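Tertiary structure, described
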Amino acid sequence: MSHHIIEFKEVFFRYPDGTAALRGVSFRIVHGESVGVVGANGAGKSTLLQHLNGCLLPTSGQVTIGDLNLTAATRGEIRRKVGSVFQNPDDQLFMPTVFDDVAFGPLNLGLDKAHVRERVESALSRVNGLALKNKPPHHLSAGEKSAVAIAAVMAMEPDILAMDEPAANLDPRSRRSLIGLLKTFQHSKLVASHDLDLILDVCERCIVIGEGRVVADGPSEDILSNRTLLEANNLELPLSLQRR
Amino acid sequence: MNFHTQYFDLGRLDRLSYRRTAVHSLDPRAKVIATGLFLVTVVSFPKYDVAGLVPFLLFPVLAATLGEIPIGFILRKVLIVSPFAVFVGIFSPFLDTRTVAVIAGLPVSAGWLSFASILLKFALTVSAALLLVATTSFPGVCHALRRLGCPPIFVSQLLFLYRYLFVLAEEAMRIVRAWDMRAFAGRGRGATVFARLVGVLLIRTLDRAERIYQAMLCRGFAGDIPRLGTLRLRSVDLVFVAITAVFLGACRFFPVTEGIGLLAQGIWR
């Protein structure tokens with residue numbers, strides 16, 4: 001299935017203020033792979049994720065999602081394939097009620113009403129959020145907000161899931177159920193996080209980004225048990241691998 | 001006036017709309033039209049006509065009672081915004097000093113009469129609008145407006161205003177708290193610091209707007225905010241609009257107050 005492939009070829013990106021955030025990033029993710037992106041603050045993780053859905057376009061180099069090259073012309077098409085979960089759920093939940101918010105994407109895909117309703121209900125029940133249906137987002141707790149934000153993206157049935165710090169602001173139990181949820185998503189996914197235990201649990205592959213470059217790329221168990229590599233990138237061993 | 005309590009009061013108006021009463025279950029479009037008619041009728045009264053406005057109090061009182069909305073809550077909200085109306089009307093007693101009536105030996109000037117009419121109109125219109133939101137929910141009103149043919153851009157603006165009012169208030173609350181913790185008596189409390197805080201809030205808001213817009217694009221936004229249409233106009237709704245229209249028309253074009261007064265006098269005799 002070639003259409004779930006993500007490929008970055010020598011991607012450079014410079015922000016308008018001159019900061020070079022990505023300096024030649026290359027990697028290839030095949031269908032069904034689950035990849036963690038880790039790195040120090042400001043290493044370029046969020047910038048990288050924003051290239052997946054065309055929120056940012058590379059200054060040079062090429063991003064390929066499935067069989068499409070990312071350009072201003074194809075980003076609409078690419079957004080149908082890639083579901084992005086933002087760092088702050090308040091940025092993502094913009095509709096007045098949970099139901100309307102989850103229905104927003106499917107309605108924009110042009111699905112008929114019965115179908116939209118079905119998608120919304122199934123996405124919400126996947127995140128255990130069916131009871132929140134008629135609530136306005138500002139009356140939800142942080143954990144509920146992020147569950148709903150994920151449901152809103154799942155309802156579009158994306159081929160690829162891109163998440164930026166999904167577990168930030170979650171209490172341990174919500175975090176645990178998020179991990180369970182992520183494991184049920186069968187398609188390719190890319191998760192940027194400082195929560196290395198979450199990466200270890202959810203992703204079989206891990207990419208370390210440092211100063212806008214790929215510093216290391218390999219199986220999560222190898223990368224996340226390499227103390228020297230991690231410490232050179234402002235990281236440390238996942239708690240589950242720390243022996244005292 | 002405390003920032004925090006105001007903030008939570010805002011949520012209360014919102015929560016009132018979750019109730020299920022006869023008023024809540026009316027079609028939002030019917031309620032929007034009825035409220036619109038009410039506002040136009042009230043505003044159309046000439047500026048010295050206070051007596052004619054009195055019967056209109058029945059509308060908010062009925063809506064609040066049937067909708068189980070605490071009247072005290074609505075009155076408090078009306079009071080909070082009342083300074084605007086007071087400022088608009090406060091000069092008429094001084095400018096318009098013609099005596100139009102003498103009550104219990106005190107001359108009443110036309111200015112006082114028009115001042116009273118401004119206040120009454122203000123109380124009627126604001127409470128009607130608040131009751132509309134309290135019995136319909138803000139999104140319900142927006143949805144109704146959209147279905148009644150309001151341009152999508154206008155409706156989206158209203159929806160965002162409602163959605164992000166709470167987020168903005170929280171943001172402001174955080175900034176004020178952080179400032180309060182490190183500003184001590186006399187220091188760091190000047191206007192320049194305040195101006196900078198407002199600037200920070202503006203920049204954060206712009207950043208957020210950018211991120212929200214990106215999130216919308218990611219989910220296929222193309223100018224209109226679609227919503228599953230679940231509204232159905234029942235005969236009850238039509239009857240409600242018809243009765244409201246008749247009531248408003250009667251109160252506007254016939255001297256109802258005078259009629260009741262004469263009737264009362266007749267019984268008295």
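The structure displayed is predicted, hence computed values, not measured ones. (Residues numbered from 1 in each chain as written. Chains lettered and ligands numbered in written order. Predicted model: local features only at pLDDT ≥ 70, side-chain atom pairs only at ≥ 80, totals over all residues. Heavy atoms only, no water.)

Okay, the packing of aromatic side chains next. All names here are of chain B. In this structure the tally under the stated criterion is twelve aromatic pairs over all chains. Here R163 stacks its cationic end above the ring of Y164, 4.9 Å away from the centre of that ring. Stacked on the ring of F45, the Lys or Arg R252 has its end atom at 4.5 Å from the ring centre. (Phe/Tyr/Trp six-rings, centres within 6.5 Å; stacked < 30°, edge-to-face > 60°. Lys NZ or Arg CZ within 6 Å of the ring centre and 35° of its normal.)

So, about the sheet that holds strand β8 (residues 188-192) of chain A. Residues and elements named next belong to chain A. Read across the sheet, six strands follow the order β6-β7-β8-β3-β9-β10 without closing on themselves; strand pairing throughout is mixed. Each end of this open sheet is capped by a strand with a single partner; those strands are β6 (82-85) and β10 (213-219). Adjacent strand axes in the sheet meet at a mean angle of 15 degrees, parallel and antiparallel pairs treated alike. Direction of pairing for strand β3 (residues 34-39) relative to strand β9 (residues 205-210): parallel, over a ladder of five bridges. (Pairing = 2+ DSSP bridges. Helix = DSSP H or I, 4+ residues; strand = E, 2+ residues; numbered from the N terminus. Axes fitted to C-alpha atoms, helices over the stretch in contact; angles between N-to-C directions.)

The next thing to look at is the pattern of salt bridges. In total, this model carries 18 salt bridges over all chains according to the counting rule given. R163 of chain B is paired through a salt bridge with D90 of chain A; the nearest N and O atoms lie 2.8 Å apart. Within this pair, whereas R163 of chain B is found in helix α8 (residues 152-182), its partner D90 of chain A is found in helix α3 (residues 89-92), the two belonging to separate chains. The class for R163 of chain B is buried, based on a relative accessible area of 0%. E157 of chain A is paired through a salt bridge with R119 of chain A; the nearest N and O atoms lie 3.4 Å apart. Remark: R119 of chain A occurs in helix α5 (residues 113-126) and E157 of chain A occurs in the loop between α6 (142-154) and β7 (160-164); sequence separation between them is 38 residues. The class of R119 of chain A is buried, set by a relative accessible area of 13%. The network of salt bridges with shared partners includes D91 of chain A together with E171, R174, R204, R208 and R211 of chain B. (Salt bridge = Lys/Arg side-chain N within 4 Å of Asp/Glu carboxyl O. Buried < 20%, exposed > 50% of the residue type's maximum accessible area, 1.4 Å probe, protein only.)

So, about the nonpolar core. What tends to happen in soluble globular proteins is that the nonpolar side chains get buried as a cluster. Core analysis: the biggest nonpolar cluster contains 50 residues, and V102 and I150 of chain A have the highest contact counts within it. Those elements that provide at least two residues to this core are α4 (98-108), α5, α6, β7, α7 (172-184), α8 (196-202), β9 and α10 (227-232) of chain A. Looking at this core element by element, the count peaks at eight residues for α6 of chain A. Non-local contacts of I150 of chain A, meaning those with residues more than four positions away in its chain, are made with V85, V127, M163, L178 and L181 of chain A. Within the second largest apolar cluster, 35 residues are counted, among which are A64, I74, V133 and Y162 of chain B. (Core = buried A, V, L, I, M, F, W, Y, C linked by side-chain atoms within 4.5 Å. Contact = heavy atoms within 4.5 Å.)

Glancing now at the sheet that holds strand β4 (residues 60-65) of chain A. Residues and elements named next belong to chain A. The four strands are arranged β2-β1-β4-β5 in an open sheet whose pairing can be described as antiparallel. The two strands at the open ends of the sheet, each matched to only one other strand, are β2 (20-29) and β5 (68-69). In terms of strand pairing, strand β1 (residues 6-14) meets β2 through seven bridges, oriented antiparallel. Of the residues in β2, the one forming a bridge with R14 is A20. Its contacts with the sheet put helix α1 (residues 45-52) on β1, β2 and β4, and the angle it makes with β1 is roughly 120 degrees.

Turning next to the domain arrangement of chain B. Residues and elements named next belong to chain B. Partitioning chain B into domains gives domain 1 (1-149 + 229-255) and domain 2 (151-224). Computed from C-alpha atoms alone, the centre-to-centre distance between domain 1 and domain 2 is 30 Å. Of the residues lining the interface, twelve residues belong to domain 1; the matching set on domain 2 comes to 14 residues. Counting the surface lost from both domain 1 and domain 2, the interface buries some 1,300 Å², and carbon and sulfur atoms represent 76% of this. Run the count over domain 1 and domain 2 and you get zero salt bridges. Counting only elements with at least two residues in the side of domain 1 that touches domain 2, the list comes to α1 (3-16) and α7 (138-147). Here the element with the most residues in the side of domain 1 that touches domain 2 is α1; it accounts for six residues. (Domains from an automatic or database assignment. Buried area = accessible area lost by both parts, 1.4 Å probe.)

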